[in-house]
Amino acid sequence: MSVTQTVAVLGASPKPERFSNQAVRLLTEYQHRVIPVNPAFEKIESWPCSPSLSAITEQVDTLSLYLGAERLVEQLDAILKLKPKRVLFNPGTESPDVQAALTDAGIPWIKGCTLVLLRNHQF
């Protein structure tokens with residue numbers, strides 16, 4: 001198993017069928033500290049929900065993205081200010097503009113699925 005990380009899940013959902021919710025649950029199962037990010041909810045699974053990236057005050061090891069590319073551009077300033085150690089673009093979230101800005105800021109990013117990476121011990 002990988003080293004425990006603090007993982008922010010942008011676009012986390014309380015709906016069990018959503019991949020973002022499955023990611024929150026699997027991250028928990030793998031002993032990671034999870035920060036669900038969604039202004040519409042107070043809690044997702046057993047974790048208190050952050051209303052925004054800018055409300056997070058601790059170092060984030062991985063930012064796992066579950067927002068569409070058009071909505072990610074609106075989050076770019078907050079992502080850059082958060083300075084996660086890496087950003088994970090789950091399928092359907094890829095944004096060339098955001099990826100280029102992260103590269104320019106020296107923030108590593110990868111395209112991949114949180115669920116697959118966890119299950120394959122590559123997270």
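Remember, predicted model here, so these are calculated numbers, not experimental data. (Residues numbered from 1 in each chain as written. Predicted model: local features only at pLDDT ≥ 70, side-chain atom pairs only at ≥ 80, totals over all residues. Heavy atoms only, no water.)

## Some words on helix H1 (residues 19-29)
The α-helix advances 3.6 residues per turn, and as a result positions three or four apart in sequence lie on the same side. Of the positions making up H1, those classed as buried are Ser20, Asn21, Ala23, Val24, Leu26 and Leu27. In the core, the buried residues of H1 are packed alongside strand S1 (6-10), strand S2 (33-37), strand S3 (43-44), strand S4 (47-48) and helix H4 (114-119). (Buried < 20%, exposed > 50% of the residue type's maximum accessible area, 1.4 Å probe, protein only. Helix = DSSP H or I, 4+ residues; strand = E, 2+ residues; numbered from the N terminus. Contact = heavy atoms within 4.5 Å.)

## What about the pairing of S1?
Where burial is concerned, most of S1 is hidden: five out of the five residues are buried. Burial of S1 is two-sided: the residues Thr6, Ala8 and Leu10 facing one way and the residues Val7 and Val9 facing the other way are all buried. Bridge analysis of S1 against S2 gives five bridges, and the strand direction is parallel. Residue pairing across strands places Val9 opposite Pro36, the latter belonging to S2. After leaving S1, the chain enters H1 and then returns to the sheet as S2, a path that is right-handed. In this structure, S1 lies alongside strand S5 (residues 62-65), joined through four bridges in parallel fashion. Each bridged residue has a counterpart across the sheet, and for Ala8 the counterpart in S5 is Leu63. (Pairing = 2+ DSSP bridges. Right-handed = clockwise from strand over helix to strand, strands pointing away.)

## A closer look at the packing of aromatic side chains
In total, this model carries one aromatic pair according to the counting rule given. For the pair Phe89 and Trp109, a centre-to-centre distance of 5.7 Å together with 80 degrees between the ring planes defines the contact as edge-to-face. Of this pair, Phe89 sits in strand S6 (residues 86-89) while Trp109 is found in strand S7 (residues 109-111), placing the two residues 20 residues apart along the sequence. Using a relative accessible area of 0% as the deciding quantity, one classes Phe89 as buried. Between the NZ or CZ atom of Arg86 and the centre of the ring of Phe123, over which it lies, the distance is 4.7 Å. (Phe/Tyr/Trp six-rings, centres within 6.5 Å; stacked < 30°, edge-to-face > 60°. Lys NZ or Arg CZ within 6 Å of the ring centre and 35° of its normal.)

## With respect to the sheet that holds S2
What the five strands build is an open sheet, ordered S2-S1-S5-S6-S7; its pairing is parallel. The outermost strands of the open sheet, each flanked by one partner alone, are S2 and S7. Each neighbouring strand pair of the sheet contributes to a mean axis angle of 20 degrees, computed without reference to strand direction. With three bridges joining them, S6 and S7 adopt parallel strand pairing. Looking at S7, one finds that Val87 is bridged to Trp109. Sheet strands in contact with helix H2 (residues 69-82) are S1, S5 and S6, and its direction is about 175 degrees off that of S5. (Axes fitted to C-alpha atoms, helices over the stretch in contact; angles between N-to-C directions.)

None of this, on its own, says anything about what the molecule does.
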